[in-house]
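One-letter residues, chain by chain:
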Amino acid sequence: MRKKELVAMLLAGGQGSRLGALTKRNAKPAVAFGGKYRIIDFPLSNCTNSGIDTVGVLTQYKPLILNSYLGNGSAWDLDDPEGGLHILPPYYTETGGKWYEGTADAIYRNLDFLERYDPEYVVILSGDQLYKMDYSDMLAFHKAKGADLTVSVIEVPWEDASRFGIMSVDDDMKITKFSEKPKNPDSNLASMGIYIFTWSVLKEALVKDHADPESEKDFGGNVIPKMLELGHPLYAYTFEGYWKDVGTIDSYYTTQMELMADDPEFDLFDTQLRIYSNSNLSAPHFVGRRGQVNHSFVCNGCTILGSVTNSILSSDVYVGDGATVEDSIILPGVRIEANAHVKRAIVGEGSIISEGASFNGYEIEGSENNIAVIGDSAVYPAK
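Being a predicted model, the structure only gives us computed values, none of them experimental.

A. Quick look at the overall build of the chain. Of regular secondary structure, the chain possesses eight helices and 29 strands. Principal axes of the C-alpha set define a box for the chain whose edges measure 65 × 45 × 40 Å. For the chain, buried positions account for 53% of its 383 residues. Intrachain contacts of the chain at a sequence separation of at least 6 include 60% that bridge at least 24 residues.

And the structure:
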């Protein structure tokens, strides 16, 4: 197997419980986003745009839709026989098996995969963030500093710093202190959960962490603090672009609504760093004679006989005659029947809003931030 300079390991096994009904049947990285995409498309596209041709995707929670979507990786040009995209679930060995116990444990239990390619460096990514980054720039910084580990950080408002893992640095961006969600932060450089390790150092650190019975097998909680304690050269790479964690209903909804701004901070139509997806199989969308669409994303396979305003319609959505959709995010395969009304809502994949029904975030009691949410394959009202 040809030796690689940089291999990516993408952590995509999380349940994403903060997304509520949207992840009861689906892993968070596989949740639809922005119409034609799924959340995992963004880090995978970053890998492609960074020239990374070998990616391990570590799956765990309800992986069926995610595995099917990833396929052989060809949608992201990751089907190289000398590398490509590899799905890495937990597995049994001769001594038994169990679920991944933490982020560090997930990588540790796939050391055989990394040794197959014997890379010089490993980049570890999260599968549930929205951003565009060329990891080759971060790798160049890592090499220039002679770092054992480089952590990508972003400046956050001081009042939000206590919600993140915070890096304190010297004038050369060398990390001097790491604090996990500190009450009184002395820095506002928040970890993005994106790490570049020198491979030999990563392997040694993971073996030691695995042998520690007190460790929770987590990068932020255990591996990074231990490396800092042992005097390894750790550096912070400041990322100045757009970055959002879309792991809550509010951020998931608000971030997508912002995509439709006249001059959005995150531009899906940017041709410099394209976002690739595996959602190109449906027929063109159709707008009927009485159908109306205003200020919305409408994907292939949609049939619109009613009215759609300021909304995002994923592929294969049906909006019946006299139905209205406003300020909403509609996931793939949803059917909104005749004269139904959907407002300020997120409707899960394959769900049905029955004829004449009203699904309105302002009217449904208990809606978080007045956002109504229904999970996958549901019928509203329940029958």
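B. Representation of helix α8 (residues 249-258) in the model. Across the 10 residues that make up α8, a large majority, seven, are buried. Listing the buried residues of α8 in full gives Ile-249, Ser-251, Tyr-252, Tyr-253, Thr-255, Gln-256 and Met-257.

C. Inspection of the environment of Ile-166 at higher detail. Of note, Ile-166 is situated in strand β9 (residues 165-169). Remark: the alpha-carbon pair of Ile-166 and Asp-262, spanning 96 residues in sequence, is separated by 33 Å. Those residues in contact with Ile-166 that sit more than four places away from it in its chain are Ala-161, Lys-177, Phe-178, Ser-179, Pro-182, Ser-187, Asn-188, Leu-189 and Ala-190.

D. Quick peek at a negative patch on the surface. On the surface, a cluster of negative charge is contributed by Asp-262, Asp-263, Glu-265 and Asp-267. In this fold, Glu-265 is placed in the loop between α8 and β14 (286-287).

E. Region of interest: the packing of helix α6 (residues 199-211) against helix α7 (residues 219-229). Direction vectors running N to C along α6 and α7 enclose 115°, while the axes themselves pass 11 Å from each other. Between α6 and α7, the angle is such that the two are roughly perpendicular. Considering how the two elements wind past one another, α6 and α7 form a crossing that is right-handed. For the pair α6 and α7, contact is made by Val-201, Leu-202, Ala-205, Leu-206 and Asp-209 and by Phe-219, Asn-222, Val-223 and Met-227, respectively. Its residues assigned to classes, the contact of α6 with α7 shows seven nonpolar, one polar and one charged.

F. Molecular detail of the layout of surface pockets. There is about 1,600 Å³ of room inside the largest pocket. In terms of lining, the largest pocket is formed by 50 residues, of which the most central are Arg-18, Ser-126, Asp-128, Gln-129 and Asp-245. Going through the elements one at a time, α3 (103-108), β6 (121-126), β8 (149-155), β10 (175-180), β11 (189-198), α7 and β13 (243-245) are the ones with two or more residues in the lining of the largest pocket. In terms of residue count, the dominant contributor to the lining of the largest pocket is β11 (four residues). Across the lining of the largest pocket, the residue classes tally to 17 nonpolar, 19 polar and 14 charged.

G. Examining the sheet that holds strand β17 (residues 303-304) more closely. Taken in spatial order, the six strands of this open sheet run β14-β17-β20-β23-β26-β29, and their pairing is parallel. Strands at the two margins of the open sheet, each flanked by one partner only, are β14 and β29 (379-380).

H. Region of the structure containing the pattern of salt bridges. Counting across every chain of the model gives 17 salt bridges. Asp-128 is the partner of Lys-28 in a salt bridge, and the nearest nitrogen-oxygen pair spans 2.7 Å. On the criterion of sequence distance, the pair formed by Lys-28 in the loop between β1 (6-11) and β2 (32-33) and Asp-128 in the loop between β6 and β7 (129-131) is long-range, its members being 100 residues apart. Assessed through its relative accessible area of 9%, Lys-28 is described here as buried. The shortest N-O distance in the salt bridge between Glu-349 and Arg-38 comes to 2.6 Å. Within this pair, whereas Glu-349 is found in the loop between β25 (345-347) and β26 (352-353), its partner Arg-38 is found in strand β3 (residues 37-38), the two being separated by 311 residues in sequence. By the burial criterion, Glu-349 is buried, and Arg-38 matches it.

I. Representation of the side chain of Thr-59 in the model. Among the secondary structure elements, Thr-59 is positioned in the loop between β4 (54-58) and α2 (64-70). Of the residues examined, Thr-59 reaches a relative accessible area of 1% and is grouped as buried. Those residues within four positions of Thr-59 in sequence are excluded, and the remaining contacts are Ala-12, Gly-13, Leu-66, Asn-67, Ile-87, Leu-88, Pro-89, Pro-90 and Tyr-100.

J. Geometry of the packing of aromatic side chains. Following the criterion strictly, the structure yields 15 aromatic pairs and no others. On the basis of an interplanar angle of 65° and a centroid distance of 5.6 Å, the ring pair of Tyr-69 and Trp-76 is categorised as edge-to-face. Exposure remark for Trp-76: the relative accessible area of 0% places this residue in the buried category. Ring geometry for Phe-113 and Tyr-117: centres 5.4 Å apart, planes at 70°, overall edge-to-face. Note that Phe-113 and Tyr-117 are positioned in helix α4 (residues 111-117) at a spacing of four residues, about one turn of the helix. On the basis of relative accessibility, which here comes to 1%, the residue Tyr-117 falls in the buried class. Among the aromatic residues, ring-to-ring pairing joins Phe-33, Tyr-37, Phe-42, Tyr-242, Tyr-252 and Phe-266 into one connected group.

K. Representation of the pairing of β10. Judged from the five bridges that link them, β9 and β10 form a sheet pairing that is antiparallel. Of the residues in β10, the one forming a bridge with Ile-166 is Ser-179. Counted along the chain from β9 to the antiparallel partner β10, the turn is five residues long, and its residue Met-173 has a positive phi close to 70°.

Cut-offs applied
- Residues numbered from 1 in each chain as written.
- Predicted model: local features only at pLDDT ≥ 70, side-chain atom pairs only at ≥ 80, totals over all residues.
- Heavy atoms only, no water.
- Helix = DSSP H or I, 4+ residues; strand = E, 2+ residues; numbered from the N terminus.
- Buried < 20%, exposed > 50% of the residue type's maximum accessible area, 1.4 Å probe, protein only.
- Contact = heavy atoms within 4.5 Å.
- Patch = residues over 30% accessible without salt bridge, like charges linked within 9 Å, V, L, I, M, F, W, Y side chains within 5 Å.
- Areas by Shrake-Rupley, 256 points an atom, 1.4 Å probe, with all protein chains shown as cover.
- Salt bridge = Lys/Arg side-chain N within 4 Å of Asp/Glu carboxyl O.
- Lys, Arg positive; Asp, Glu negative; His and termini not counted.
- Charge placed at Lys NZ, Arg CZ, Asp CG, Glu CD.
- Axes fitted to C-alpha atoms, helices over the stretch in contact; angles between N-to-C directions.
- Parallel < 35°, antiparallel > 145°, perpendicular 65-115°, else oblique.
- Left-handed = near helix turned anticlockwise from the far one by under 90°.
- Nonpolar A, V, L, I, M, F, W, Y, C, P; charged D, E, K, R; others polar.
- 1 Å grid on protein atoms, 1.4 Å probe; cavity = no way out; pocket = protein on both sides within 12 Å on 5 of 7 lines; lining within 4 Å.
- Points joined across faces, edges and corners; volume = space filled by probe spheres on them.
- Pairing = 2+ DSSP bridges.
- Phe/Tyr/Trp six-rings, centres within 6.5 Å; stacked < 30°, edge-to-face > 60°.

Any link to function would need more than the numbers given here.
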